[in-house]
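Given next are the chains, with one letter for each unit.
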Amino acid sequence: MKIAYWILAASFTLLSCGEGHNDGMKDYGIIPMPNGIVPEQGKYILQGEKTVAVSSEELSMKVFQYFENALKNTSVTLKRVSLTEQADISFLINDTLPDEAYTLEVSSHNIKISSNASAAGLFYGVQSLLQLMPSEIYDTQQKYESNIEIPAVNITDAPRFPYRGAMMDVGRNFLPKEEVLKFLDLMAMYKLNKFHFHLTDDQGWRIEIKKYPKLTEIGSHRKQTQVGHCDYYYPRRFDGKEKEGYYTQDEIREIVKYASDRFITVIPEIEMPGHASAALASYPELSCGLGKTYVVRDYFDVFDEVYCPKEGTFDFLEGVLTEVIDLFPSHYIHIGGDECPKKAWKKCDHCQALMKREGLKDEESLQSWFIHRIEQFVNSKGRDIIGWDEILEGGLAPNATVMSWRGEEGGIEAARQKHKVIMTPGDKCYIDHYQESPEFAPLAIGGFLPLDSVYTYNPLPVELTPEEQAYIIGTQANVWGEYIQTPEYFEYMAFPRLLAMSEVQWTQPENKNLSSFVRRLDGEFKRLDYCGVNACRNFYEVNLTGAWNDSRHVYEVTLKTFCPDTEIYYTINDSVVSSSSNLYKAPVSLSEDATVYAAVYRDGKPLGRITHKGFAMNKATGNPYECVPPPVAEKVNEGIGLTDGIPGYTRDLRRWVIFRGDTVRITVDLGKAVPVNRVAFAFLWRPFDTLWPASKLSVSVSTDSKTFTSVGSKEYSYDFTPTEATRFPVSYSFPEVTARYICLELLNGGLCPEGYYHAGQQSRLAIDEIEFY
Ligand SMILES: [Zn+2]
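Residues numbered from 1 in each chain as written. Predicted model: local features only at pLDDT ≥ 70, side-chain atom pairs only at ≥ 80, totals over all residues. Heavy atoms only, no water.

Participant: Would you take a moment to explain the coordination of the zinc ion for this structure?
Facilitator: Under ideal tetrahedral coordination, the four donors around a metal are separated by 109.5 degrees; under ideal octahedral coordination, the six donors are separated by 90 or 180 degrees. Distances from the zinc ion to its protein donors, Cys-288 (SG), Cys-308 (SG), Cys-348 (SG) and Cys-351 (SG), fall within 2.2 to 2.4 Å. What the four donor atoms of the zinc ion show is an angle range of 102 to 116° at the metal, which sorts the shape as tetrahedral. The sequence pattern formed by the donor residues of the zinc ion is C-x19-C-x39-C-x2-C. Here Cys-351 lies in helix H9 (residues 349-358) and Cys-288 lies in the loop between helix H6 (277-282) and helix H7 (311-327), a separation of 63 residues in the sequence. Judged on exposure class, the residue Cys-288 and its partner Cys-351 are both buried. (Donors = N, O, S within 2.8 Å, 3.2 Å for Na, K, Ca; no water. Tetrahedral: all angles 85-135°; square planar, octahedral: opposite > 155°, others 65-115°. Helix = DSSP H or I, 4+ residues; strand = E, 2+ residues; numbered from the N terminus. Buried < 20%, exposed > 50% of the residue type's maximum accessible area, 1.4 Å probe, protein only.)

Structure (structure tokens):
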């Protein structure tokens, strides 16, 4: 194949040098970026025995013990002296500082950290101090014997938000206590202070409740787990391996204490009224009945079986919450409230009678009534509830805090109603989504949330007034666990994106700077390595995108890496990339089908894997098109979906353009009349998503976009039984015509057939990529 490409005259530099206003702080390498930092001359040498002046108050002592432990792999020993004595390092109390704020002064003579008596600021000052030290002090394999040199600096710092959270979902897949503790350690390093522990779900109940032993005897086991993606295989595949796990109350106490020693509050989540399969499998009498057998679920979906709002259920939930409240000192108790189908309640005599008695107009109001009642109980114990944004439906409980996950709308609405809000919109905060091209990534739930999209998130919506914005107490990264079966994979999804989130949570927007962040992160990977964290390495790889450049009339492939101070080398249709390949300076133009391979280098050495992407060039590429009806989903990130030069593949639904309706007409404007004799495109078959191929294709052409002439049509009947998501390529030839406008009319494939998901529902079409030859 002949390849035509050239490098555009380079009149701009490839990588910005990161000359942000806070770039002068790059040498300090602190994540999250402190809000006030003044470089000073000189350095402090930490070696041998040092005195630390610290108050004997419990909170200050906690910080001292943490600090002492953090230096255990070094030759430094710390001797505690009273606050009145002169010391090498002083932990001072200054009650004029707000909660969690601190000052850190490092000079060549001594080190002083100050905070108010809550000592959280002391703890964060210690974290910043530790980040000023070489990351080798974290190397557990080898003792750090050298002097520890700490650059002189004055830091005045305080967090942007009081709520800085991360969620771990152990309901779907249990993770061992050791991984929970390790994660708490890592959260603490980046100054997060709320650990949202998602303890119950359809696939498992993970906390011992003494009053209801069957919750763990039955609810913490499942017989197997689906293989692969929830909507990928038909029928579902299973691994046949039993899975189980829960935390005893002693282990929970240990986790809570460990977190508290790191100034982290553990917020437990007990899901209700939905996501209750594991509880209902243990105690079926809590359901609406309806003759069902309840099981701990072995695949991932939203299930119709939910708690029935009867007195026995409330007795049960109050019994569970009483033990939970005793175990967790957290002011907040998360009660879920999301994804609760109303099917069972609609059929249940008790539920219908209850609605009548309470004057509830629909099942949404019944859910609201349910949450109100639970809130009253939790409030009676001196605590407040958090719920997912569905708790807005049917009316918010009076003191509820809303966790906004289906975008920011729920959070905006709750703030306007003067309720506290934690922003966790899926497209910015769900770090179980893909962070790199799904073509290379290990299986994730879907979506696409790269490092920079997390970093640039601002949790205060501009729609809100400053008074309303004040109700947004913070933001949180969520690591849902459907596809996360091991600690290693949990870490892969959480890191390094959690570090980007820490800066969203801590650093004032005027102090955030992506190029400064990636520079600091580049150094921080070393510390993550010493801490044994299996972080994703996409940071050191090339991400390839392609798009039609309208002003230059060429198709351009752009190569980017997050890693600063590097070179990108690339090849075309050659999988061997080296430092003698093409050096990337500007977007690469393509005029024919090609696969581009690329890798990141520094000082002549590769830093990460070779990545690649295929691009399809044809007469349609880059041309505009119109769809009637418009697509229901066109979730591409770059280019224009149907003609963007990037063919859709089965694993990534975002690449496909999805249509509903009996007939779809797609008219592509080729810009000028050209000879055409063939059209090619593909359908995606994914029955879980109601995606089925079309039943008929008709092609017509026009030179003026008004009068169309048919050039042929073809009916399709699919005699197939695929067992996994399948891409169906279609190629249709016709006698050559000259045309500017080409219209493809597609007849919908009809109802989803019996024996498949969603049988009897109207199917939808998913199409990509339209090609003309
Ligand atoms: Zn019921």
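Participant: Can you walk me through the pattern of salt bridges in this structure?
Facilitator: One side chain can pair with another of opposite charge once the charged atoms of both are near each other. Here the structure, examined in full by the defined rule, presents 35 salt bridges. The salt bridge involving Asp-250 is made with Arg-253; its shortest N-O contact spans 2.8 Å. Here Arg-253 and Asp-250 lie together in helix H5 (residues 249-260), a separation of three residues that amounts to about one turn. Shared partners join several salt bridges into a network, and the residues in it are Asp-169, Arg-172, Asp-201 and Glu-482. (Salt bridge = Lys/Arg side-chain N within 4 Å of Asp/Glu carboxyl O.)

Participant: Please clarify how helix H17 (residues 514-530) should be interpreted in this entry.
Facilitator: Three- or four-residue spacings in an α-helix give side chains the same orientation, since the helix completes a turn every 3.6 residues. Look at H17: 24 Å from first C-alpha to last across 17 residues, which is about the 24 Å you get at 1.5 Å a residue. A bend of about 35° at Gly-523 is the largest found in H17. Among all positions of H17, only Ser-516, Phe-517, Val-518, Arg-519, Arg-520, Leu-521, Asp-522, Glu-524, Phe-525, Arg-527 and Leu-528 are buried. In the core, the buried residues of H17 are packed alongside helix H2 (120-131), helix H3 (177-189), helix H13 (451-455), helix H16 (497-506) and strand E25 (594-602). Taken from the residues just after H17, Gly-532 is the one with a positive phi, measuring 70°. (Expected span 1.5 Å × (residues − 1). Bend = angle between axes of the 7 residues up to and from the residue. Contact = heavy atoms within 4.5 Å.)

Participant: So what exactly am I meant to see when it comes to the sheet that holds strand E14 (residues 265-272) here?
Facilitator: Pairing between sheet strands relies on hydrogen bonds along the backbone, with the strands arranged either parallel or antiparallel. In space, the eight strands of this closed barrel follow the order E8-E9-E14-E15-E16-E17-E18-E19, with parallel pairing throughout. Between one strand axis and the next, the sheet turns by 30° as a mean value, whatever way the strands run. Relative to E14, H7 is tilted by about 170°, and along the sheet it contacts E14 and strand E15 (332-336). Along the sheet, H16 contacts strand E8 (163-169) and strand E19 (472-479); its crossing angle with E19, the most-contacted strand, is approximately 175°. (Pairing = 2+ DSSP bridges. Axes fitted to C-alpha atoms, helices over the stretch in contact; angles between N-to-C directions.)

Participant: I keep staring at the packing of H7 against helix H10 (residues 363-380) and nothing clicks. Help me out?
Facilitator: A pair of packed helices is captured by two measures, namely the crossing angle of their axes and the spacing between those axes. Between H7 and H10, the shortest axis-to-axis distance is 11 Å and the interhelical angle comes to 40°. What the angle tells us is that H7 and H10 run oblique. Crossing of H7 against H10: the hand is right-handed. Contact with H7, carried on its side by Glu-311, Phe-314, Leu-317, Glu-318, Leu-321 and Thr-322, involves Trp-369, Phe-370, Arg-373, Ile-374, Phe-377 and Val-378 of H10 and no other residues of that element. Looking at the contact of H7 with H10 residue by residue, the classes come out as eight nonpolar, one polar and three charged. (Parallel < 35°, antiparallel > 145°, perpendicular 65-115°, else oblique. Left-handed = near helix turned anticlockwise from the far one by under 90°. Nonpolar A, V, L, I, M, F, W, Y, C, P; charged D, E, K, R; others polar.)

Participant: Looking at this model, I keep getting lost on the domain arrangement of the chain. Mind explaining?
Facilitator: Entries for the chain in the domain assignment read domain 1 (26-157), domain 2 (163-514), domain 3 (541-615) and domain 4 (625-772). For domain 1 versus domain 4, the distance between C-alpha centres works out to 62 Å. (Domains from an automatic or database assignment.)

Participant: Help me understand the packing of aromatic side chains, please; the structure alone is not making it clear to me.
Facilitator: For any pair of aromatic rings, the description rests on two quantities: the centre-to-centre distance and the angle between the ring planes. Summed over all chains, the structure comprises 40 aromatic pairs. Centroid distance Tyr-232 to Tyr-233: 5.2 Å. Interplanar angle 80°. Geometry classified as edge-to-face. Note on accessibility: Tyr-232 and Tyr-233 belong to one class, buried. Judged by centre distance (5.8 Å) and plane angle (50°), the ring pair of Tyr-283 and Phe-316 falls under tilted. One end of the pair, Tyr-283, is in the loop between H6 and H7; the other, Phe-316, is in helix H7, and 33 residues separate them in sequence. We classify Tyr-283 as buried; its relative accessible area is 9%. Sitting over the face of the ring of Trp-506, Lys-191 holds its NZ or CZ atom 5.6 Å from the ring centroid. One Lys or Arg, Lys-512, reaches over the ring of Tyr-455 and ends 5.0 Å from the middle of that ring. (Phe/Tyr/Trp six-rings, centres within 6.5 Å; stacked < 30°, edge-to-face > 60°. Lys NZ or Arg CZ within 6 Å of the ring centre and 35° of its normal.)

Participant: So what exactly am I meant to see when it comes to the environment of His-419 here?
Facilitator: Structurally, His-419 is set in the loop between helix H11 (409-416) and strand E18 (421-423). Taking relative accessible area as the criterion, His-419 reaches 9% and is therefore assigned buried. Beyond its immediate stretch of four places on either side in the chain, His-419 contacts Leu-396, Ala-397, Pro-398, Asn-399, Ala-400, Ala-414 and Tyr-471.

Participant: What's the story with the UniProt feature "domain: Beta-hexosaminidase bacterial type N-terminal" (unreviewed entry) in the chain in this structure? I'm lost.
Facilitator: Look at the UniProt record and you will see "domain: Beta-hexosaminidase bacterial type N-terminal" (unreviewed entry) annotated at residues 28-158. Its end C-alpha atoms 17 Å apart, residues 28-158 is made of 19% helix and 34% strand. (UniProt positions renumbered as here; feature names shortened; annotations may be inferred.)

Participant: Where do I start with the packing of H3 against helix H15 (residues 487-494) in this structure?
Facilitator: At their nearest, the axes of H3 and H15 sit 11 Å apart, and the two run at 25° to each other. What the angle tells us is that H3 and H15 run roughly parallel. In the crossing of H3 with H15, the sense of the turn from one axis to the other is right-handed. Packed against H3, whose contacting residues are Glu-179, Lys-182 and Phe-183, the element H15 presents Pro-487, Phe-490, Glu-491 and Ala-494 at the interface. Taken together, the residues that form the contact of H3 with H15 break down as four nonpolar, no polar and three charged.

Participant: Explain the confidence of the model for the chain to me, please; I cannot follow it from the model alone.
Facilitator: Segments scoring low in pLDDT should not have their predicted coordinates read at a detailed level. Model confidence for the chain is summarised by a mean pLDDT of 93, while 95% of its residues fall at 70 or above. Note on residues 1-26: pLDDT is under 50 here. Beyond four places in sequence and across chains, it has 53 contacts. (pLDDT = per-residue confidence, 0-100.)

Participant: I keep staring at helix H1 (residues 58-70) and nothing clicks. Help me out?
Facilitator: Between its first and last C-alpha atoms H1 spans 18 Å; for 13 residues at 1.5 Å apiece the expected length is 18 Å, and the two agree. For H1, the full list of buried residues reads Ser-60, Met-61, Lys-62, Val-63, Phe-64, Tyr-66, Phe-67 and Ala-70. Tucked inside the fold, the buried residues of H1 contact strand E2 (49-53), strand E3 (77-81), strand E4 (89-93), H2 and H5.

Participant: How do you make sense of the sheet that holds strand E24 (residues 588-590) when you look at a structure like this?
Facilitator: Spatially, the three strands line up as an open sheet ordered E20-E21-E24, and their pairing is antiparallel. Because the sheet does not close on itself, it has two edges, and the strands there are strand E20 (543-549) and E24. The mean inter-strand angle of the sheet, taken between neighbouring strand axes irrespective of direction, is 30°. Both E20 and strand E21 (residues 554-560) contribute to a ladder of seven bridges, which runs antiparallel. Following the sheet pairing, Leu-544 is matched in E21 by Leu-559.

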